[in-house]
Amino acid sequence: MDINTKQLRKNAFRVTKNRGMTALRIRVPGGNLEVKYFDVIKKVAENFGNGRVHITTRQGFEVPGIPMEKIPEVNRMIAPILDGIETAVGVEIPDLNSGYPAAGTRNVSACIGNSVCPFANLNSGEVALKIEKLIYPNDYHVKIAVTGCPNDCIKAHMQDIGIIGMALPVYDSYRCIGCGACVKNCRRVATGALSISNYKVKRDHRRCIGCGECILKCPTSAWTREDKYYRLVIMGRTGKKNPRIAQTFLEWVAEEAVMKVIANMYQYIDNHIDRSLPKEHVGYIVDRTGYPVFRQEVLLGVDLGQLGRVAESINFGGYFYERTNIFG
Amino acid sequence: MGFEFTMDSFNKVLEDISKNFIFYAPRRIPGKGAFSDTDVVVYQEVEGFGQIELDEKSRFSPKEVINPITQTLFYFNENGYTEPETNNKGIIIFCRPCDANSFKRLDEIFLNNGPFKDSYYESLRRKVKIFVIECVQGFENCFCVSMGTNRFDDYDAFIRVAEDRITCDVKDNLLPAFVKHGISAEMRPDFISENAVKVAIPDQVNKTIFTHEMWREYSERCIACGRCTVVCPTCTCFTMQDIFYEDNHKCGERRRVWASCMIDGFTEVAGGHDFRPDKGMRMRFKAMHKIYDFRKRFGYNMCVGCGRCDDVCPEYISFSNCINKVSALSREVNG
Amino acid sequence: MSNPYSSFKASILSVKPQTDIDYTFRLATDLKVSSGQFVEVSIPRVGEAPISVSDFGEGWIEMTIRRAGKLTDVIHEMIQGKHLYIRGPYGNGFPMDKFKGKNLIIAAGGTGLAPVKSIISSFNQGITGIKDLTLLAGFKTPADVLFRDEISKWHENIQIEITVDNDDTGNWPGGTGLITGLIEQMDIANLEQTEVIIVGPPVMIKFSYLEFIKKGIRKENVWVSFERKMCCGIGKCGHCKIDGTYVCLEGPVFNYAKAEQLVD
Ligand SMILES: Cc1cc2nc3c(=O)[nH]c(=O)nc-3n(C[C@H](O)[C@H](O)[C@H](O)COP(=O)(O)OP(=O)(O)OC[C@H]3O[C@@H](n4cnc5c(N)ncnc54)[C@H](O)[C@@H]3O)c2cc1C
Ligand code: SF4
Ligand code: SF4
Ligand code: SF4
Ligand code: SF4
Ligand code: SF4
Ligand code: FES
């Protein structure tokens, strides 16, 4: 059998432990899927795979047990998925019948967002689709996820780029009855950014994380939302070297800024990636260039707006298997 | 007298009378709902009929037009105090029949309860004219028919909106503007005669019911958030507060803000004693006010059946269902 | 339209500490009050609170105020010559007409003595028409005893029993124990001709009442004064409402037959 594994991987199939057998990864950007595609996935699994799917941590489907020679047929079969999910949001797919054009940048995952969740400050799925359009297809190994609030149900903190929805609470003191629900709740579930003075509420913006809990708790709508804002956390990862959770890079920035930073990051990768390696994960590139270079390059042309803030420096921390813990 | 208008000609009426009146009506405020990407419908100033939200019940009631959430009573300076200035413009409130009936309830407390009239309320209230918007279907949770508040005859104008035509029945002194821009038309107000939700109001409520264990359910379920009372068109409770300005400690004000018998602190006195600490007791207290003890005092029920308390309770506590439970119990107790 | 929330200035004629935390303030005013009524006292920018009129006379009223929080703390800093703002009087006081020709027993717990002090003073001046007056008063410790100077004078005309829950000084001349003990020991001669006032904390009211009932007093002859959370004092704010009753309007003094119907 003569298979170009590089092309196979780029086509969203993988080399598995069973020789000659592959598995297909189906992207579900935002983790939000119209059920009609289940029929397609089912057909692939039944006709070409082993009748099962694995639901991935990134909210895609992995269809295992496919003989490598069936790849062209599988690709033709999944054309409706590419068309309905990818081209529908504006992703350019060169040939719908040839399967996925790239697999380096992973599925953009998202929490369920404000279509269901009361806490969500944004429609995470929609934002994921916008990002999908922006970055797919792309070979660079990048993981991105979008979450509606700092509860971070999607684990944005484990991504290269984690996007967290923020609400800027605006206060109408006229509508406030001083019930204290917002103050208590902010202290209980968030950061204690609120206090009562003169029977009305004060918000310490530097402590506020934009979770929106105060808005949710207010009986009189004294707290309401102004434009949507985002926190961007970066370079969280698992892996065999220095696993760590992502750290805040930007906060209180608008969606355009987020999109521009992501686009710039691909340019940054392009500028610095070590091409001698089969692949280099963006986090390790940042380890090499240092945060200041990253910051400078990804912020090119980015409008941070009035409230936007950038981390001066970041201590990524995390741990090192061989160094952090000493075993007796 | 009846008139018919197009949207445009009706807006001309409003434009004419806007010299002497400010209009308040339910208005959709995009993005200002508690959940992201949702709206809130609240009574606010409007300029034209097009700004009025007709398809959704307002979350908050029109009471805030004449019973402001925060209202300054006195301004203090070193020499004494002054009262806030008031403006002379009349107020026209566009509202549904249930809400139109709520003003009478507010009047009982602010004007008729005890020997004193609340001058702040009175000065706003006397400027109010009520434009009733006809209800054809009602909304979710409405039970105005059970409360007898589906009807309101004491309107200044009654408005029917059908397709893009507005028909009105208008009373007396607003007539000239209506005559000028409208076409005379036959108009007989109609009121809704059935709601999906029906509530039986108990005649007799005795101490057995006050102390009955049915209230315990609410001790567990209610979170004392007060939403049910702040949205209620007939709740009037408030607390007075004195403050001094942070930039000038010599000056300050005395104001009042809405209070709620469901929220902690309402009955708490010096030393920390709370007369009604339990949420089940509070639920009983609120419910009895709405459908029993106000009636003992003023001869009719306080609740106007707008259903807003049911609309907003985050714990899905249904006030109307609670009243039905009280009624069933009272039939049991009183035979 | 007159503004029912307007208060007027009243200058402080004297300040007399009763205990560490209870001071009596005498204000110059022509306000006509009756025993058991209250006024709304305020200091602009600090707050307003309902306070019982503890005594009154030509051109003055007296209030005995306990340091309990924001406003009362600041009032305690006030000295003679300064002024407070007041409005009122509000509420229904004690039914003084009903007491004419009768024997009156007052059972007072702690600061509950304040709203009835004026009854005792005027009895001493012989202007109430009350036939005979007995005062039973209970305080936590000897240091909490209010109106010591007055009490020593009252002794001349009325029967007074004072008890403390706990004599932490070791040289308290009076009795110790709960006020209910005093009631238990009482010999009430003419039940039909006796009226009873109970003032104090809710628990004290309840148990004292039960003792009087044991003695054969009828509930219709028992009067209590309720302290509830109050704000406006005039039937608008809703804080004082119990069931359908506004304590600021129908109270604070209630006949027990009515009071026992009120479920918080
Ligand atoms: C009819 C009536 C008569 C009273 N007579 C007297 C009196 O003769 N002498 C006296 O010392 N006190 C009296 N009080 C109690 C007095 O009103 C409170 O102690 C006072 O309001 C506390 O105010 P503040 O600003 O100092 O305390 P804040 O700082 O306002 O409050 C301290 C605590 O007192 C509570 N409180 C607030 N308002 C009241 C209120 N109206 N009643 C009770 N607690 C309240 C608060 O909830 C808080 O827990 C009377 C109360 C009533 C209702
Ligand atoms: S948004 Fe969250 S952190 Fe900020 S004030 Fe509100 S509750 Fe507190
Ligand atoms: S929850 Fe709303 S009404 Fe209550 S204190 Fe906060 S802002 Fe004021
Ligand atoms: S109690 Fe509920 S249904 Fe009745 S008037 Fe108030 S909000 Fe409306
Ligand atoms: S239900 Fe409660 S908040 Fe509403 S008017 Fe009655 S006492 Fe006041
Ligand atoms: S809205 Fe519901 S949970 Fe909140 S106070 Fe009212 S009954 Fe309780
Ligand atoms: S104190 Fe406000 S209603 Fe009684």
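**As for the overall build of chain A**
Scanning chain A from terminus to terminus reveals 10 helices and 12 strands. Taken over the C-alpha trace, chain A has a radius of gyration of 22 Å; the compact-globule value for 328 residues is 20 Å, and the two agree within 12%. Expressed as a percentage of its 328 residues, the buried residues of chain A come to 51%. Partitioning the intrachain contacts of chain A with sequence separation of at least 6 by distance along the chain shows that 66% fall at a separation of at least 24. Carbon and sulfur atoms provide 51% of the accessible area of chain A, an area that totals close to 15800 Å². Positive and negative charge centroids in chain A, built from 44 and 32 side chains respectively, lie 7 Å apart.

**Overview of the interface of chain B and chain C**
Listed as interface residues are 52 residues of chain B and, on the opposing side, 43 residues of chain C. When the area that chain B buries against chain C is broken down by residue, the three leading residues are Phe116(B), Phe275(B) and Arg297(B), summing to 16%. Applying the counting criterion to the chain B and chain C interface returns 4 salt bridges. Of the charged contacts in the structure, one is a salt bridge between Asp293(B) and Lys241(C), with a shortest N-O distance of 3.0 Å.

**Quick look at the sheet that holds strand E7 (residues 161–171) of chain A**
All names here are of chain A. An order of E5-E6-E7-E10-E11-E12 is seen for the 6 strands of this open sheet, with the pairing classed as mixed. In this open sheet, the two edge strands, each paired with only one partner strand, are strand E5 (109–110) and strand E12 (309–310). Across 4 bridges, strand E6 (residues 144–147) lies against E7 in parallel orientation. Following the sheet pairing, Thr-147 is matched in E7 by Ile-164. Here helix H8 (residues 255–272) sits on the sheet in contact with E6, E7, strand E10 (223–234) and strand E11 (247–253), set at roughly 140° to E11. Packing of helix H10 (residues 291–298) onto the sheet brings it into contact with E10, E11 and E12, and relative to E11 it is tilted by some 25°.

**Description of the site of ligand 5**
By nearness alone, every residue bordering ligand 5 is listed as Cys235(B), Thr236(B), Cys237(B), Ser260(B), Cys261(B), Phe285(B), Lys286(B), His289(B), Lys290(B) and Met302(B). Among the residues forming the shell around ligand 5, the class breakdown is 5 nonpolar, 3 polar and 2 charged.

**Some words on the pattern of salt bridges**
As a working rule, side chains carrying opposite charge can pair if their charged atoms are close by. All names here are of chain B. Across all of its chains, the model carries 55 salt bridges over all chains by this definition. For Asp-39, the salt bridge is made with Arg-28, and the minimal N-O distance between the two is 3.0 Å. Of the two residues, Asp-39 is situated in the loop between strand E2 (21–29) and strand E3 (40–46) and Arg-28 in strand E2; the sequence distance between them amounts to 11 residues.

**Comments concerning a nonpolar patch on the surface**
Residues and elements named next belong to chain C. Judged by side-chain polarity, Val-203, Phe-207 and Leu-210 come together as a nonpolar surface patch covering roughly 280 Å² of accessible area. Take Leu-210: it is sitting in helix H6 (residues 202–214). On the accessibility criterion, Leu-210 (39% relative accessible area) is partly exposed.

**Focus on the interface of chain B and chain A**
In this complex, chain B contributes 27 residues to the contact, which on the side of chain A involves 30 residues. When chain B packs against chain A, the two sides together hide about 2200 Å² of surface, and 48% of this comes from carbon and sulfur. Together, Lys32(B), Ser36(B) and Ile69(B) form the three largest contributors to the area buried by chain B at its contact with chain A, with a combined 23%. Across the chain B-chain A interface, the total number found is 3 salt bridges. The shortest N-O distance in the salt bridge between Glu246(B) and Lys202(A) comes to 2.8 Å. When residues of the side of chain B that touches chain A are traced back to their parent elements, those giving at least two are E3, helix H9 (227–230), strand E11 (238–245) and strand E12 (248–258) of chain B. Per-element tally for the side of chain B that touches chain A: the top contributor is E11(B), with 4 residues. Here the residues of the side of chain B that touches chain A are counted per class, giving 14 nonpolar, 5 polar and 8 charged.

**Focus on the environment of Met281(B)**
Structurally, Met281(B) can be placed in helix H10 (residues 279–298). For the pair Met281(B) and Thr72(B), spaced 209 residues apart in sequence, the C-alpha to C-alpha distance is 32 Å.

**Topic: the packing of aromatic side chains**
How two aromatic rings sit relative to each other is given by the distance of their centres and the angle of their planes. Counted according to the given criterion, the structure contains 36 aromatic pairs over all chains. With a centroid separation of 5.3 Å and 70° between ring planes, the pair formed by Tyr319(A) and Tyr321(A) is classed as edge-to-face. With a relative accessible area of 33%, Tyr319(A) lands in the partly exposed category. A relative accessible area of 43% places Tyr321(A) in the partly exposed class. Directly above the aromatic system of Trp258(B) lies the positively charged group of Lys63(B), at a separation of 4.4 Å from the ring centroid. The cationic tip of Lys171(B) hangs over the ring face of Tyr155(B); the distance from NZ or CZ to the ring centre is 4.1 Å.

About the thresholds
- Residues numbered from 1 in each chain as written.
- Chains lettered and ligands numbered in written order.
- Predicted model: local features only at pLDDT ≥ 70, side-chain atom pairs only at ≥ 80, totals over all residues.
- Heavy atoms only, no water.
- Helix = DSSP H or I, 4+ residues; strand = E, 2+ residues; numbered from the N terminus.
- Rg over C-alpha atoms; globule rule 2.2 N^0.38 Å.
- Buried < 20%, exposed > 50% of the residue type's maximum accessible area, 1.4 Å probe, protein only.
- Contact = heavy atoms within 4.5 Å.
- Areas by Shrake-Rupley, 256 points an atom, 1.4 Å probe, with all protein chains shown as cover.
- Lys, Arg positive; Asp, Glu negative; His and termini not counted.
- Charge placed at Lys NZ, Arg CZ, Asp CG, Glu CD.
- Buried area = accessible area lost by both parts, 1.4 Å probe.
- Salt bridge = Lys/Arg side-chain N within 4 Å of Asp/Glu carboxyl O.
- Pairing = 2+ DSSP bridges.
- Axes fitted to C-alpha atoms, helices over the stretch in contact; angles between N-to-C directions.
- Near = heavy atom within 4 Å.
- Nonpolar A, V, L, I, M, F, W, Y, C, P; charged D, E, K, R; others polar.
- Patch = residues over 30% accessible without salt bridge, like charges linked within 9 Å, V, L, I, M, F, W, Y side chains within 5 Å.
- Phe/Tyr/Trp six-rings, centres within 6.5 Å; stacked < 30°, edge-to-face > 60°.
- Lys NZ or Arg CZ within 6 Å of the ring centre and 35° of its normal.

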